[in-house]
Amino acid sequence: MNRALLDRALTGAAQVRPLPDDVAALLREVSAPPRLAAHLRAVHDVAWQLVAAIANLCPALRFDREEVLFGAATHDIGKTIHPNELSQPGTRHEQAGYALLVESGVEHRLARFAANHGTWTAPGISTEDLLVSLADKIWKAKRIPDLEDRLIQRICDMTGEKHWEVFMNLDDLLDRLAQGADARLEFQNQYPVAANG
């Protein structure tokens, strides 16, 4: 494996925030492909921006910021086991990622994002789950109305804010975040899919 490429994907100079040290260490330990490390870094960066803006727009909304950031930084870690899902659709990485995280000593409450980031309709989905799923879509400017509507409704239910106000604020925020998608995709795509690339 080209360790230098992985290190550059994890911490190299870019407009994208580096991953937290513990996550970067875990990705090194599991020999993550550089493309995966860059992807996780891009989604984590968007999640960081998203939670900061949501906390500012909706101060009454209660959620665990650190859970969201960890979830965004590790949601696709199962693609180290199923690397073909880096370049083609697939969901096998979801349960594999959850298992990998738990085996690495990560608590269930944090490992769960690897298993559930692809669904936001299951019973018991938390605000943190919705935010990780949203960051995983908006990083590449993909808008999913059902996901956004669920987050809007959650915010309204928890804060008592008016639906139209939450909709307008979230829509503006997501439009702003989506504007950086080309640069994030360019950052991710400069790294090879294969770990030994």
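Note that this is a predicted model, so its numbers are computed, not measured.

*Asks:* Would you take a moment to explain the overall build of the protein chain for this structure?
*Replies:* Counting its regular elements, the protein chain contains 10 helices and 0 strands. By the compact-globule yardstick of 16 Å for 197 residues, the protein chain fits well, its C-alpha radius of gyration being 16 Å. Structurally, the protein chain occupies a C-alpha span of about 50 × 30 × 30 Å along its principal axes. Contacts in the protein chain between residues far apart in sequence, at least 24 positions, make up 66% of those at least 6 positions apart. Of the roughly 9,000 Å² that the protein chain leaves accessible, carbon and sulfur atoms contribute 50%. One finds the centroid of the 21 positive side-chain charges in the protein chain at a distance of 3 Å from the centroid of its 27 negative side-chain charges.

*Asks:* Mind showing me how you'd approach the packing of helix 4 (residues 65-74) against helix 7 (residues 127-138) here?
*Replies:* The description of two packed helices rests on the angle between their axes and on the distance between the axes. Packing of helix 4 against helix 7 brings their axes to within 9 Å, and their N-to-C directions diverge by 40 degrees. Relative to helix 7, the element helix 4 lies oblique. As for how helix 4 packs across helix 7, the hand of that crossing is right-handed. Residue-level contacts link Glu67, Val68, Gly71 and Ala72 of helix 4 to Glu128, Leu131 and Val132 of helix 7. Looking at side-chain class alone, the contact of helix 4 with helix 7 contains 4 nonpolar, 1 polar and 2 charged residues.

*Asks:* Sorry if this is basic, but what is going on with the state of the cysteines here?
*Replies:* Two cysteines, two sulfur atoms, one covalent bond between them: this is a disulfide. In this structure the tally under the stated criterion is 0 disulfides. Here Cys58 is not cross-linked by a disulfide; its sulfur's nearest cysteine counterpart is in Cys156, at 8.4 Å. Classification of Cys156 as buried rests on a relative accessible area of 10%.

*Asks:* Just checking my understanding: could you explain empty space enclosed by the protein for this structure?
*Replies:* Empty space left among the atoms is revealed by rolling a probe the size of a water molecule over them. All told, the structure shown has 1 cavity of 30 Å³ or more when counted by the stated rule. As a volume, the largest cavity reaches approximately 40 Å³. Of all the elements in the fold, those that place two or more residues in the lining of the largest cavity are helix 3 (34-57) and helix 9 (163-178). If one sorts the elements of the lining of the largest cavity by residue count, helix 9 sits on top with 3 residues.

*Asks:* Explain the packing of aromatic side chains here, please?
*Replies:* Working definition: an aromatic ring pair is given by the centre-to-centre distance plus the angle between the planes. Enumeration according to the criterion identifies 1 aromatic pair in this entry. Ring centres of Phe187 and Tyr191 lie 5.6 Å apart, and the angle between their planes is 75 degrees; on these two criteria the pair is classed as edge-to-face. Residues Phe187 and Tyr191 agree in their burial class; the two are buried. Stacked on the ring of Trp48, the Lys or Arg Arg17 has its end atom at 3.5 Å from the ring centre.

*Asks:* I keep staring at the layout of surface pockets and nothing clicks. Help me out?
*Replies:* Put simply, the largest pocket is a space of about 400 Å³. Every residue lining the largest pocket is counted, 16 residues in all, and those nearest its centre are His39, Asp76, Lys79, Asp136 and Lys140. Contributions of two or more residues to the lining of the largest pocket are made by helix 3, helix 5 (92-103) and helix 7. Among the residues forming the lining of the largest pocket, the class breakdown is 2 nonpolar, 6 polar and 8 charged. When its volume is computed, the second largest pocket comes out at roughly 150 Å³. Lining the second largest pocket are Ala14, Gln15, Val16, Asp45, Gln49, Gly180, Ala183, Arg184, Phe187 and Gln190. At the level of secondary structure, the elements contributing two or more residues to the lining of the second largest pocket comprise helix 3 and helix 10 (181-189). Residue contributions to the lining of the second largest pocket peak at 3 residues, all from helix 10. Classifying every residue of the lining of the second largest pocket by side-chain character gives 4 nonpolar, 4 polar and 2 charged.

*Asks:* What am I meant to see in unusual backbone geometry here?
*Replies:* Among all residues save glycine, negative phi is the norm, and among peptide bonds the norm is trans. A positive phi is found at Ser31, a non-glycine position, where the angle reads about 55 degrees. We classify Ser31 as partly exposed; its relative accessible area is 36%. Positive phi, normally seen in glycine, also occurs at Ala141, with a value near 65 degrees. With respect to the secondary-structure elements, Ala141 resides in the loop between helix 7 and helix 8 (145-159).

What counts, and where the lines are drawn
- Residues numbered from 1 in each chain as written.
- Predicted model: local features only at pLDDT ≥ 70, side-chain atom pairs only at ≥ 80, totals over all residues.
- Heavy atoms only, no water.
- Helix = DSSP H or I, 4+ residues; strand = E, 2+ residues; numbered from the N terminus.
- Rg over C-alpha atoms; globule rule 2.2 N^0.38 Å.
- Contact = heavy atoms within 4.5 Å.
- Areas by Shrake-Rupley, 256 points an atom, 1.4 Å probe, with all protein chains shown as cover.
- Lys, Arg positive; Asp, Glu negative; His and termini not counted.
- Charge placed at Lys NZ, Arg CZ, Asp CG, Glu CD.
- Axes fitted to C-alpha atoms, helices over the stretch in contact; angles between N-to-C directions.
- Parallel < 35°, antiparallel > 145°, perpendicular 65-115°, else oblique.
- Left-handed = near helix turned anticlockwise from the far one by under 90°.
- Nonpolar A, V, L, I, M, F, W, Y, C, P; charged D, E, K, R; others polar.
- Disulfide = S-S within 2.5 Å.
- Buried < 20%, exposed > 50% of the residue type's maximum accessible area, 1.4 Å probe, protein only.
- 1 Å grid on protein atoms, 1.4 Å probe; cavity = no way out; pocket = protein on both sides within 12 Å on 5 of 7 lines; lining within 4 Å.
- Points joined across faces, edges and corners; volume = space filled by probe spheres on them.
- Phe/Tyr/Trp six-rings, centres within 6.5 Å; stacked < 30°, edge-to-face > 60°.
- Lys NZ or Arg CZ within 6 Å of the ring centre and 35° of its normal.

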